[in-house]
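Okay, here's what each chain looks like letter by letter:
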Amino acid sequence: MTTYDIALIGFGGVNRTLAELIPTRGEALRSELGFGLRVVAITDLRLGSLVQPEGIDLPVVLNLGQGSETFAEYGGSADTNNESVIRNCTANIICEATFTNPEDGEPAVSHVRWALESGKSVCTTNKGPVALRGAELTSLAARNGVHFEFEGAVMSGTPVIRLAKKMFAGLKLNGFEGILNGTSNYVLGRMEAGLDFEAAISEAQALGYAEANPAADIEGYDVQLKVLILANELLDAGLELKDVQRQGISTVTPEDIRTGALEGRRWKLVGSARRNPDGSVTAGVSPVALPLDHGLAGISGATNALSFDTDLLGPVTVSGPGAGRVETAYALLSDIITMHAASTEVSANA
Ligand SMILES: NC(=O)C1=CN([C@@H]2O[C@H](COP(=O)(O)OP(=O)(O)OC[C@H]3O[C@@H](n4cnc5c(N)ncnc54)[C@H](O)[C@@H]3O)[C@@H](O)[C@H]2O)C=CC1
Ligand SMILES: N[C@@H](CC=O)C(=O)O
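Values in this document were obtained by computation on a predicted structure and should not be read as measured data.

Just checking my understanding: could you explain the overall build of the protein chain for this structure?
Within the protein chain, the secondary structure is distributed over 12 helices and 12 strands. Whereas a compact globule of 350 residues would reach a radius of gyration of roughly 20 Å, the protein chain reaches 20 Å, a difference of no more than 12%. Along the longest, intermediate and shortest principal axes, the C-alpha atoms of the protein chain span 60 × 50 × 35 Å. Within the span of the protein chain, comprising 350 residues, buried residues form 51% of the whole. Of all intrachain contacts in the protein chain linking residues separated by at least 6 positions in sequence, the fraction that spans at least 24 positions is 70%. For the protein chain, the distance from the average position of its 26 positive side-chain charges to the average position of its 42 negative side-chain charges is 3 Å.

Here it is in structure tokens:
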């Protein structure tokens, strides 16, 4: 039985939930999928770092983080020591779930680079490294014979990236449009129900949907990164962040929402990309008052939906959770399952 040793970089909502899922889903993973998981290192800005090659006692560390204690009181350090932990710990897989930085992706880009350079596979839900350094990191992983997986960077645990890459073979993808931010979709829905903007954002934060700085959700930066990821991964668009036009929902007023409802329209934040006749790709994100019979108009709460425009099937739409701690932790698990399946295939063919 294979056991993968993993390191959790960032111990907030997503990686904490992964640490909860490991004991609860451990037996099913072992019996159904043929591997076990053991956490051997954790780093976090607030807690510092803890490295225990024999395996960290997860129930103990899951109780930390409410007060001012750090890992220093548990045999670790109050400093994150990210580079040394990532490069030197005994983990096979690094799960990167620190804050998304929409400007340059740092320090997560460095976290991923250190891991891949030291022969460790990476799974991440962090949009920064994937959107801003995806091609470079994918080729670094290939050069080092390890995996770089990032299904959770778009639509949390709902499979869209792998699904499109694997299942659309033989089809031509002309573009896509979708609701790709759970927080702004949740906020628009709550405003439609009469709640004010700030209260709706607070609810989305409490539910674990919002970014550490919710302006990233509200001003469209989060969807801009997701559109960039999808355009480059699925349309081979070769775009940079500045090529994806961005407008968020902060300009949508309660009055706009009331007027839209009277006219049979619903405001949604829509991200899209389309291949032009000359082969180039136009991409952007903006709020749109959709007619109620539009396929995306009925998508509510933190649910997301992505409609792919294909040549032989026409539109193919995937809908599911776009945010949430459990949903996103599952994305990391699905990345590890993908890595395991790939390794098993290699061994079988050897
Ligand atoms: N929560 C969600 O629904 C989803 C989140 N994501 C992405 O997953 C990542 C994690 O999300 P959450 O866990 O919800 O965020 P969070 O804010 O709850 O946790 C992030 C953790 O990372 C830690 N951290 C920040 N910088 C660090 C550093 N340099 N070294 C070590 N630790 C550091 C923070 O102390 C915090 O505990 C983010 O990049 C987010 O954009 C992606 C899809 C959905
Ligand atoms: N803050 C994001 C989380 C997922 O990327 C959202 O609300 O969709």
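That was the structure; now back to the text.
So what exactly am I meant to see when it comes to the nonpolar core here?
The biggest cluster of nonpolar side chains holds 61 residues, and the ones touching the most others in it are Ile94 and Phe308. Here this core takes 8 residues from helix H10 (residues 221-234), the largest share from any one element. Lining this core are residues from two domains, each supplying at least three of them: domain 1 (2-157 + 326-349) and domain 2 (161-321). The contacts of Ile94, once residues within four sequence positions are left out, are Ala7, Ile9, Ile86, Cys89, Ala115, Lys120, Ser121, Val122 and Cys123. Ranked by size, the runner-up nonpolar core spans 31 residues in total, among them Tyr4, Leu37, Val61 and Leu64.

Looking at this structure, how should I read the domain arrangement of the protein chain?
A common way to report how large an interface is uses the accessible area buried once the components associate. Taken domain by domain, the protein chain consists of domain 1 (2-157 + 326-349) and domain 2 (161-321). Relative placement of domain 1 and domain 2: their C-alpha centres are 27 Å apart. Summed over both partners, the interface of domain 1 with domain 2 comes to about 1,700 Å²; 67% of that surface belongs to carbon and sulfur atoms. Taken together, the links from domain 1 to domain 2 amount to 5 salt bridges. Across the pair Arg162 and Glu149 runs a salt bridge, and its minimum N-O distance is 2.8 Å. Across the domain 1-domain 2 interface, the total number found is 9 residue pairs in polar contact (both at pLDDT 80 or more). Those elements that provide at least two residues to the side of domain 1 that touches domain 2 are helix H5 (127-143) and helix H12 (325-349). Of the residues in the side of domain 1 that touches domain 2, the class split is 9 nonpolar, 4 polar and 5 charged.

Would you take a moment to explain the layout of surface pockets for this structure?
Computed from the structure, the largest pocket encloses a volume of approximately 920 Å³. As for the largest pocket, its lining consists of 41 residues, and the residues nearest its centre are Val14, Ala97, Thr98, Phe99 and Ala212. Secondary-structure elements contributing two or more residues to the lining of the largest pocket are helix H1 (13-33), strand S2 (35-44), H10 and H12. For the lining of the largest pocket, the residue count by class is 11 nonpolar, 21 polar and 9 charged.

Explain the site of ligand 2 here, please?
Around ligand 2 sit Lys127, Asn181, Gly182, Thr183, Tyr209, Ala210, Glu211, Asp217, Asp222, Lys226, Gly322 and Ala323, and those are all the residues in its vicinity. For ligand 2, a nitrogen atom lies 2.7 Å from a polar atom in the backbone of Tyr209. The side chain of Lys226 places a nitrogen or oxygen atom 2.8 Å from an oxygen atom of ligand 2. Out of a free accessible area of 250 Å², ligand 2 has 92% covered by protein chains. Taken atom by atom, the bulk of ligand 2 overlaps the largest pocket. Among the elements of the structure, helix H7 (182-192) and H10 are those that each provide at least two residues to the shell around ligand 2.

Please explain the site of ligand 1 as it appears in this structure.
The immediate surroundings of ligand 1 are formed by 26 residues, with Asp44, Thr98, Thr100, Glu211 and Gly324 found nearest. Contact between ligand 1 and Arg46: an oxygen atom at 2.7 Å from a side-chain N or O atom of the residue. The separation between a nitrogen atom of ligand 1 and a polar main-chain atom of Gly208 is 3.1 Å. If ligand 1 stood free it would expose 830 Å²; the protein chains cover 90% of that surface. Put simply, ligand 1 lies in the largest pocket. Of all elements in the fold, only H1 and S2 reach the threshold of two or more residues within the shell around ligand 1.

Cut-offs applied
- Residue indices begin from 1 for each chain and proceed along its sequence in written order.
- A letter from A marks each chain and a number from 1 marks each ligand, given out in the order of writing.
- Residue-level local features of this predicted model are given only where pLDDT is at least 70; pairs of side-chain atoms are given and counted only at 80 or more, and the full residue set underlies all totals for whole chains, interfaces and linings.
- Side-chain calculation: all heavy atoms of the structure are included, whereas hydrogens and water are not.
- Strands here are runs of E lasting at least two residues and helices are runs of H or I lasting at least four, both read from the DSSP assignment and numbered beginning at the N terminus.
- Within these notes, the globule rule equals 2.2 Å times the number of residues to the 0.38 power, and the radius of gyration is based on C-alpha atoms.
- The buried label goes to any residue with under 20% of its type's maximum accessible area, the exposed label to any with over 50%, and the partly exposed label to all in between, with areas taken from a 1.4 Å probe on protein chains only.
- Every residue pair with non-hydrogen atoms within 4.5 Å of one another is taken to be in contact.
- Neither His nor the chain ends contribute to the count of charged residues, in which Lys and Arg are positive and Asp and Glu negative.
- Here the site of a charge means atom NZ of a Lys, CZ of an Arg, CG of an Asp or CD of a Glu.
- Take the buried Ala, Val, Leu, Ile, Met, Phe, Trp, Tyr and Cys residues and link them wherever side-chain atoms come within 4.5 Å; each set so joined is a nonpolar core.
- An automatic or database domain assignment supplies the start and end points of every domain.
- What counts as buried area is the accessible surface, traced by a 1.4 Å probe, that two parts surrender upon association, with contributions from both included.
- By salt bridge we mean one thing: a side-chain nitrogen of Lys or Arg within 4 Å of a carboxyl oxygen of Asp or Glu.
- For this analysis, a polar contact is any N or O atom pair within 3.5 Å, provided that within protein one partner can donate a hydrogen and the other can accept it, and provided that sequence-adjacent residues contribute only side-chain to side-chain pairs.
- For this scheme, ten residues count as nonpolar: Ala, Val, Leu, Ile, Met, Phe, Trp, Tyr, Cys and Pro. Four count as charged, namely Asp, Glu, Lys and Arg, and the remainder, Gly too, count as polar.
- Of the grid points, spaced at 1 Å and generated over the protein atoms alone, those admitting a 1.4 Å probe that cannot get out make up cavities, while open sets with protein on both sides within 12 Å along at least five of seven lines make up pockets; any residue with an atom within 4 Å of a point is treated as lining.
- Grid points are joined across faces, edges and corners, and a volume is the space filled by probe spheres set on the points.
- Proximity criterion: a residue is near a molecule or strand once any of its heavy atoms comes within 4 Å of it.
- For accessible areas, the Shrake-Rupley method is used with a probe of radius 1.4 Å. Any residue's cover is judged against the shown protein chains and nothing else.
- Assignment of a molecule to a cavity or pocket requires that more than half of its atoms lie within 2 Å of the corresponding grid points.

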